[in-house]
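# Summary of the model geometry
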Amino acid sequence: MTFSDSDVAIIGMACRFPGADSPEKFWDVLREGRETLARYTDEELLAAGVPAASLADPHYVKAGQGIPGVDLFDSELFRFTHDEAEILDPQHRVFLECAFEALERAGYDPDRADGQIGVYAGAGMNHYLLHNLAERHRTGSTVDRYRLMLANDKDFLATRLSYKLDLRGPSINVNTACSTSLVAVNTACLALLGGECDVALVGAVHLNPPQQGYQYRDGMIFSPDGHCRAFDAEARGTVIGSGAGVVVLKRLKEALADGDWIHAVIKGSAVNNDGSGKAGYTAPSITGQAAVIADAQEIADVEPDTVGYVEAHGTGTPLGDPIEVAALTEAFRQGTDRTGYCALGSVKSNIGHLDTAAGMAGLIKTVLMLEHRTLVPSLHFRTPNPEIDFGSSPFFVNTGTTAWEEGDAPRRAGVSSFGIGGTNAHVILQEAPARTAEPAGHGPELLVVSARTKTALRQAGAALARHLKQQPGLDLGAVAQTLSLGRRAYPHRFALVARSTREAAMALALGDEERLRPGVAGDEPSTPVFVLTGTVPDAADSAELLRSVPAYRDAVDACAAAVGLAGEAGALLGSGGTRAAFLHEYALATTLAAWGVTPAGLAASGTGLVVAAVLAGALPLADALALADGTAPARVAPPRLPVLSARTGRWLTEEEGLQAASWVPGPEELSGLAGLLAGTGRHQLPLAPGEGEPAGPAHLLTLVADQWLLGADVDFAAVHADGGRRRVPLPVRPFERRRHWAEPAGTAHVAAATERLVDRFDPADPGRSVELITDYLVEEVGKVLGGRDQVGLDARLFDLGLDSLVLIEVGAKLGEELEFEVPTTAFLEFPTIRSFVHNLAELLDLAPAPGQGPDDAGAAAGRTSRRAQRAAGRHGGTV
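Residues numbered from 1 in each chain as written. Predicted model: local features only at pLDDT ≥ 70, side-chain atom pairs only at ≥ 80, totals over all residues. Heavy atoms only, no water.

## Description of the packing of helix 29 (residues 766–785) against helix 32 (residues 833–843)
Two elements in contact, helix 29 and helix 32, have axes separated by 10 Å at closest approach and are oriented at 140°. Taken together, the axis directions place helix 29 and helix 32 in an arrangement best described as oblique. Note that helix 29 runs across helix 32; the crossing there is right-handed. Contacts from Val770, Ile773, Thr774, Leu777, Val778 and Val781 in helix 29 reach Ile833, Phe836, Val837, Leu840 and Ala841 in helix 32. When grouped by side-chain class, the residues that make up the contact of helix 29 with helix 32 number 10 nonpolar, one polar and no charged. (Axes fitted to C-alpha atoms, helices over the stretch in contact; angles between N-to-C directions. Helix = DSSP H or I, 4+ residues; strand = E, 2+ residues; numbered from the N terminus. Parallel < 35°, antiparallel > 145°, perpendicular 65-115°, else oblique. Left-handed = near helix turned anticlockwise from the far one by under 90°. Contact = heavy atoms within 4.5 Å. Nonpolar A, V, L, I, M, F, W, Y, C, P; charged D, E, K, R; others polar.)

Right, here's the structure in full:
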């Protein structure tokens, strides 16, 4: 199978389509030949806001292709306040979640990914703004309208994702109606090949109002019964559906080098426009479609008789279907005379027409077919449209689930998407290159899983257990790498050391408390103090470490070279005695440091004291090895780390650290370390395994796991340095969604009451006025955050997720209530409610300046007078 430098790999996919919220479930829909159309009752339609008069219309089709839960969103994951999430276009919400999931499925954490990640995306028409937020937009302030614009305009779809995930590559919106998805793919491929980015997130989303049907009119695109019968004689149109899809793209050469899981390869793509040579603006064009298909094949350097399947635009309209087959035939006839060899299908017969996301549905469908080497049926095809001459074309409509047989060339497919307005796109796909044989298990692996809550962590563990049980042949090393390098780390965590995929699945499924090590990472994690006791290693354990852990091997090799025995590391370790104890413990400590577990101090006894001398920089390695043989050190440097010696039972002083005798091993044992470390933000980390604990590499990984559970920033790339780079698709962590939805009738702004906040002030009780201002701010900020209980008087408002626009609006509203101009920068200078109110009280003469005592009568009278003057100005009279 040959590939070129212009090939692009698809390394991750995510979707939310009707009847399927994952690629796996989407594949089930496709291979089972299911249609996901939903029928609605009158009660459901009325509840969704459909007028009763519409339901009485015999042409109203009470059906749709929707996705559930569009009112739900994991706002905390993306750091949105409740109010921000509520006004955000649900299309943006769904796209954010899909894009995040696609990256996780690809095994990429954007915080640790090398290179630039670009975004190329498009959204459909925003029904939420039109239906649910219209009144809020009509009656809102300038700032409120500006916030609504930022939350709902298509322009911010791609850049909002880049901002929320900190992606630094190009971030570009693409909108060409129904062809948006594949035009975005083409644009992203060009950017990847041009070096503008190294990874590209590409996708689109379209959402209809939930649970609504539509009115059928003869001659339009809509089906009279909700079914899409692409290429059939009975075809009368399609149904517009809701959905979203995102793929992750990368240059193939680099994807192979980086061990990415490649679902399929994009060989080439093309985009053009019909121009004016057609019946009308919304009409299709044979010439335009044929040209873009032929261009894509030429760019891909693919002969048409090697293309075994075409995922058509296939809207199931009497006019569009014949034009599309005629265009395909014209393009294919430039390179082949064969007939009836190429399967044809349309995913719209399963899930409807997803508008901007339609091409993404067709692309993901075709990728899944290539990956599973299976052709799936195009539904509702009985008798060919009489205007289509299939007999003399290369095509046949595939109506069953059948094996996609191997031919002389790799399995290849074309995917078409044609937009109203004439922008056409076609993509040529090829099956992924054969995966290299998975390496035989070479030892234990560390699996790490995290989530934002304990419940989500439990769900993530259960999903991983099911996945590993279903695929016991998965390379456990690749699983470990994907979990540690391809996922963001969250506070609630567990870690598992296992030697096989089957063993890991069993421990996860049983919730084995002895194997699954739980923890909650702190914002400022405790740091370890290495406990070094000079324990002599088991020969088999040290041999396994030497064989399978490069950092350990390098440390032992350095010791051997320091005493003139280069190349004899194994013999030195196996010799036993104090030198072997030194080598083993020194190698463990340096390996941990190389993996990101650096000590905040050292506690040592026996030969471990000599190891501590080297780690602290008090002795060179060669001198320490001689000291391990009983020779006193000739010179000592000031230690760079705190060292607790068993000989003194306390931390060495600076003077003691410079004395050679302090580093000579003695018979004393360490004691009382826990008490010495209590309340210091440090904890003890014994490097020797306890009784009954695993030794060798498993013990080393357990040490790392325990530090990661506390929140240590472990360098997992170094941990996996010996296994090459490998990623596998794994279940994503569950989203923790809650409802953010503005009902059309409930979002209208109520006219302000005639009594303002300032009218409730009592000149004789300024403290009460301060309470009123505080309560008002808590209420307003609480509306944004989702409740008063989310607001703390001393919490920094920006840390709670509020942005400057929200606070400017809150300040402006407060100013109207007080009939006083609140400075727009006040919340920047005084970022908590308490400090803000304290400053405002001074400006309003409601409180003494900080540090001053009670007011004298004259000052109080002056403030009362000024308040009276303001009141007089408001009411147009005198006091």
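## Examining the confidence of the model for the protein
Predicted confidence across the protein gives a mean pLDDT of 90, with 94% of residues reaching 70 or more. The model gives residues 746–753 a pLDDT under 50, and that stretch makes nine contacts with residues more than four places away or in other chains. (pLDDT = per-residue confidence, 0-100.)

## Considerations on the environment of Ala841
Relative to the assigned elements, Ala841 resides in helix 32. Note on Ala841: relative accessible area 3%, which makes it buried. As for Ala841 and Ser450, which are separated by 391 residues in sequence, their C-alpha atoms are 45 Å apart. (Buried < 20%, exposed > 50% of the residue type's maximum accessible area, 1.4 Å probe, protein only.)

## A word on the state of the cysteines
Between two cysteines, a covalent bond joining their sulfur atoms is known as a disulfide. In total, this model carries zero disulfides according to the counting rule given. Lacking any disulfide linkage, Cys189 is separated from the closest cysteine sulfur, that of Cys197, by 9.6 Å. Judged by relative accessible area, Cys189 falls into the buried class, the value being 6%. Distance from the sulfur of Cys342, which forms no disulfide, to the nearest cysteine sulfur (Cys228) is 19 Å. Accessibility expressed as a relative area gives 0% for Cys342, which makes it buried. (Disulfide = S-S within 2.5 Å.)

## With respect to the sheet that holds strand 8 (residues 199–206)
Strand order across the open sheet formed by 11 strands is 7-6-8-10-1-11-18-17-12-13-15, with mixed pairing between neighbours. Edge positions in the sheet fall to strand 7 (171–173) and strand 15 (395–397), since each has one partner strand and no second. Direction aside, neighbouring strands of the sheet carry axes that sit 25° apart on average. As judged from the three bridges shared by strand 6 (residues 117–123) and strand 7, these two strands associate in the parallel manner. Residue pairing across strands places Ala121 opposite Asn173, the latter belonging to strand 7. Of the strands in this sheet, strand 1 (8–16), strand 6, strand 8 and strand 10 (243–251) are in contact with helix 5 (residues 90–106), which crosses strand 1 at around 135°. (Pairing = 2+ DSSP bridges.)

## Structural notes on helix 32
Because an α-helix completes one turn every 3.6 residues, residues spaced three or four positions apart along the sequence face the same direction. Among all positions of helix 32, only Ile833, Phe836, Val837, Asn839, Leu840 and Ala841 are buried. Where the residues of helix 32 are buried, they touch helix 29, helix 30 (804–818) and helix 31 (826–829). Where helix 32 terminates, the next one or two residues include Asp845, which has phi positive at roughly 60°.

## A short note on the sheet that holds strand 20 (residues 492–498)
Ordered by their spatial adjacency, three strands build an open sheet running 19-20-21, and the pairing between neighbours is antiparallel. Either end of the sheet is taken by a strand with one partner, and the two such strands are strand 19 (445–451) and strand 21 (517–520). On average, each strand axis in the sheet is tilted by 20° relative to the strand beside it, whichever way the strands run. Of the strand pairs in this sheet, strand 19 and strand 20 are connected by seven bridges, and their pairing is antiparallel. Considered in strand 20, the bridge of Leu447 is made with Leu496. Sheet contacts for helix 27 (residues 697–710): strand 19, strand 20 and strand 21; angle to strand 20, the most-contacted strand, approximately 175°.

## Comments concerning the packing of aromatic side chains
The geometry of an aromatic ring pair comes down to the distance between the two centres and the angle between the two planes. Considering all chains together, one arrives at 14 aromatic pairs under this definition. A ring pair is formed by Phe582 and Tyr586, whose centres lie 5.8 Å apart and whose planes are at 5°; its orientation type is stacked. With Phe582 and Tyr586 both in helix 22 (residues 577–594) and four residues apart, the pair spans about one turn of that helix. Among the residues examined, Phe582 registers a relative accessible area of 0% and is labelled buried. (Phe/Tyr/Trp six-rings, centres within 6.5 Å; stacked < 30°, edge-to-face > 60°.)

## Things to note about the pairing of strand 1
Counting buried residues in strand 1 gives nine out of nine residues, a clear majority hidden from the surface. With three bridges joining them, strand 1 and strand 11 (residues 264–273) adopt antiparallel strand pairing. The residue of strand 11 that forms the bridge with Ala9 is Val265.

## Thoughts on the pattern of salt bridges
The full count for this structure, using the stated rule, is 51 salt bridges. A salt bridge links Arg725 to Asp258; the shortest N-O distance between them is 3.2 Å. With Arg725 in the loop between helix 28 (716–719) and strand 27 (738–739) and Asp258 in the loop between helix 11 (252–257) and strand 11, the pair connects residues that are 467 residues apart, well separated along the chain. Salt bridges sharing common partners tie together Lys250, Asp258, Asp260, Arg725 and Arg727. (Salt bridge = Lys/Arg side-chain N within 4 Å of Asp/Glu carboxyl O.)

## Some points on helix 20 (residues 550–562)
Helix length check: helix 20, at 13 residues, gives a terminal C-alpha distance of 18 Å against a target of 18 Å (1.5 Å per residue), a fit within 8%. Where the residues of helix 20 are buried, they touch helix 19 (539–548), helix 21 (569–574), helix 22 and helix 24 (621–628). Downstream of helix 20 by one or two residues, Gly564 has phi in the positive range, about 75°. (Expected span 1.5 Å × (residues − 1).)

## Notes on the packing of helix 10 (residues 180–193) against helix 15 (residues 358–372)
Two elements in contact, helix 10 and helix 15, have axes whose closest approach is 5 Å; the angle formed by their N-to-C orientations is 70°. By the angle between their axes, helix 10 is roughly perpendicular relative to helix 15. Across the interface between the two elements, Ser181, Leu182 and Val185 of helix 10 pack against Ala358, Gly359, Met360 and Leu363 of helix 15.

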